[in-house]
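For reference, the chains in residue letters:
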Amino acid sequence: QVQLVESGGGLVQAGGSLRLSCAASGRTFSSYAMGWFRQAPGKEREFVATIGWSGGGTYYADSVKGRFTISRDNAKNTVYLQMNSLKREDTDVYYCAARVGGTPYQSTYRYDYWGQGTQVTVSS
């Protein structure tokens, strides 16, 4: 069993930056692929970014490419999402997810464990 706890969300002005963190429990974090997803009320959860077990194999949604960066520190059991040049349309609840097996995927159904989410609100 893996528990994921996100932090770092908040209110930021458009053009600003935030860094989300996701701390994972368990001793096998380094073997998991990790992903970030986001969801607005009444909408489906959508892919944001993913990273393979070793830190390679990063992939991004077109809407965040060039602005967001996913990274991980296996020694700290933590994955990060650096978000720069934030836009109002980035306002969502952001979720961290872990996938048993190190291959990163973009589909929500590929992930086995989910955090509770952290709210990101971008104001104009």
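Preceding this paragraph is the structure being described.
Residues numbered from 1 in each chain as written. Predicted model: local features only at pLDDT ≥ 70, side-chain atom pairs only at ≥ 80, totals over all residues. Heavy atoms only, no water.

**Considering the overall build of the protein chain**
Check the secondary structure of the protein chain and you find 0 helices and 11 strands. For 124 residues, the compact-globule estimate of 2.2 N^0.38 gives 14 Å, and the C-alpha radius of gyration of the protein chain, at 13 Å, lies within 12% of that figure. Seen through its principal axes, the protein chain has C-alpha atoms that stretch 40 × 30 × 25 Å. Taken over 124 residues, the protein chain has a buried fraction of 44%. Of all intrachain contacts in the protein chain linking residues separated by at least 6 positions in sequence, the fraction that spans at least 24 positions is 59%. (Helix = DSSP H or I, 4+ residues; strand = E, 2+ residues; numbered from the N terminus. Rg over C-alpha atoms; globule rule 2.2 N^0.38 Å. Buried < 20%, exposed > 50% of the residue type's maximum accessible area, 1.4 Å probe, protein only. Contact = heavy atoms within 4.5 Å.)

**Some details on the nonpolar core**
Grouped together as the largest cluster of nonpolar side chains are 33 residues, with contacts concentrated most on L4, M34, W36, V79, L81, M83 and Y94. Those elements that provide at least two residues to this core are β3 (18-24), β4 (33-39), β5 (46-51), β7 (68-73), β8 (78-83), β9 (92-99) and β11 (118-123). In this view, Y94 contacts E6, L20, W36, F37, R38, V48, F68, L81, M83, G117, T118 and V120; residues no more than four positions away in its chain are not counted. (Core = buried A, V, L, I, M, F, W, Y, C linked by side-chain atoms within 4.5 Å.)

**Here's the deal with the pattern of salt bridges**
Scanning all chains against the criterion turns up 5 salt bridges. Note that R38 and E46 form a salt bridge whose closest N and O atoms lie 2.7 Å from each other. Among the salt bridges present, the one from D90 reaches R38, with a minimum N-O distance of 2.9 Å. Of this pair, D90 sits in the loop between β8 and β9 while R38 sits in strand β4, and the two are 52 residues apart along the sequence. Here D90 matches R38 in class, with each residue buried. (Salt bridge = Lys/Arg side-chain N within 4 Å of Asp/Glu carboxyl O.)

**Some remarks on the state of the cysteines**
One covalent bond between the sulfur atoms of two cysteine residues makes up a disulfide. Inspection of the entire model under this criterion finds 1 disulfide. The partner cysteine of C22 in its disulfide is C96, sulfur to sulfur 2.1 Å. Around the S-S axis, the bridge from C22 to C96 shows a dihedral of about -75 degrees and counts as left-handed. Taken as a pair, C22 in strand β3 and C96 in strand β9 lie far apart in primary sequence, 74 residues in all. Exposure remark for C22: the relative accessible area of 0% places this residue in the buried category. You can call C96 buried: its relative accessible area is 0%. (Disulfide = S-S within 2.5 Å.)

**Focus: the environment of S85**
For S85, the location among the structural elements is in the loop between β8 and β9. Classification of S85 by relative accessible area gives partly exposed; the value is 41%. A C-alpha to C-alpha distance of 27 Å links S85 and W53, two positions 32 residues apart in sequence.

None of the figures reported here should be taken as evidence of function without further support.
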